[in-house]
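Breakdown of the fold
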Amino acid sequence: MSQSPAKPVLSVLIPVYNEEENLPALGEEVHAAVKDLGMTAEVILTDDGSTDGSYEQIVALTRRYPEFKAVRLGRNAGQTAALSAGIKYAGGELIACLDADLQNDPRDLAKLIGKLQEGYDVVSGWRKDRKDAWLNRRLPSQIANSLISWITGVHLHDYGCTLKLYRARYLKPLRLYGEMHRFVPAFAGFLGARIAELPVNHRPRTKGTSKYGISRTFKVILDLLTVKFMDAYMGKPIYLFGGGGIVMGLLGVLMAAATLYKKFFLGIYVKDQPLFQVSIFFLLVGFQLILLGLLAEILIRVYFDIKDKPSYFVRETAGFDPKLAEVRG
Ligand code: UDP
Ligand code: MG
């Protein structure tokens, strides 16, 4: 039960939700892989409100392996929240993420680190030979990957692969919500990170069940809209709303002018010109859009003021230096 003495260079984050059958083997594999790396490392398992015996298993792992630590969330807050809790507690300058179900191979960590040392800030795992069903997993994922790559301009084959390695300074400032952990390489790309992709081993899930269904695809696409908006207009939402508002308003003015021209110069009654109603519609919508932009500007200012608010609640932790846990919590 000894504390890992030195400050870790590498933090390995593993979100866990009802994975009790996988945890003993996971502990063994990760411990062995990390030992072979020859660097001081910590392994942070975040229990995302499991309802089976996962947390007890995790605590047992923190007793067996000195580099293992536990963070337990108050309730099931989702994989993204579990990862961002792990990021908050991570002390390493490198942060790796891994699934708890043994689908990722912890021995790939060495490859990722080697790649990072070539001069990258993010090395993203690519499940080139993915061991999941085609119709409801690989196909939606392929579509989502092309969309994300096209819209964010950060080109990766496999955003959904959890196995990734980052320099911590690109992760620490992020606030992640919804299903957004898969966009983290894109966020890092927005900050100017150098990103590499590396094929990694992928294994079928042998124990426990997948926590996701097809509905995830829709969430990912909606999140993508938010991400694009945040990248392009977060600082200045009025440029988007106000820009649309001005265009609609101008169209409205033009149409109103055309109606009046026809009335006064051609003698066509306004009641006989449907264009008049259309111009009123455009003017109103344009005005509303500008107001919406102003509201968004106010919201953005509030957001930046309270942005330190986390999206999860930590119930308890184990394996941390108590003083540090207090500061980080
Ligand atoms: N997970 C989590 N919270 C959730 C759902 C999943 O922490 O609400 C964890 C889960 O225990 C696993 C990882 O996220 O370690 C990936 O989940 P899963 O294997 O079900 O996803 P898939 O591989 O099927 O995409
Ligand atoms: Mg899995």
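Before reading on, note that the structure itself is shown above.
Residues numbered from 1 in each chain as written. Chains lettered and ligands numbered in written order. Predicted model: local features only at pLDDT ≥ 70, side-chain atom pairs only at ≥ 80, totals over all residues. Heavy atoms only, no water.

**Considering the pattern of salt bridges**
All chains considered together, the criterion is met by 18 salt bridges. Between Glu19 and Arg205 there is a salt bridge, with the nearest N and O atoms lying 2.9 Å from each other. In this pair, Glu19 sits in the loop between β1 (10–16) and α1 (23–37) while Arg205 sits in the loop between β7 (195–199) and α8 (215–233), placing the two residues 186 residues apart along the sequence. On the basis of relative accessible area, Glu19 is assigned to the buried category, the value being 6%. Here Arg127 and Asp158 are joined by a salt bridge, their closest N and O atoms 2.8 Å apart. Here Asp158 lies in the loop between α5 (134–152) and β6 (164–167) and Arg127 lies in the loop between β5 (122–126) and α5, a separation of 31 residues in the sequence. Here Arg127 and Asp158 have matching classes, each one buried. Beyond isolated ion pairs, a larger network of salt bridges with shared partners links Glu19, Asp101, Arg205 and Lys211. (Salt bridge = Lys/Arg side-chain N within 4 Å of Asp/Glu carboxyl O. Helix = DSSP H or I, 4+ residues; strand = E, 2+ residues; numbered from the N terminus. Buried < 20%, exposed > 50% of the residue type's maximum accessible area, 1.4 Å probe, protein only.)

**Here we look at the side chain of Arg216**
If you trace the backbone, Arg216 turns up in helix α8. Of the buried charged residues, Arg216 lacks a salt bridge, with Glu179 as the closest side chain of opposite charge at 4.9 Å. Beyond its immediate sequence surroundings of up to four residues, Arg216 is in contact with Arg137, Glu179 and Arg182. (Lys, Arg positive; Asp, Glu negative; His and termini not counted. Contact = heavy atoms within 4.5 Å.)

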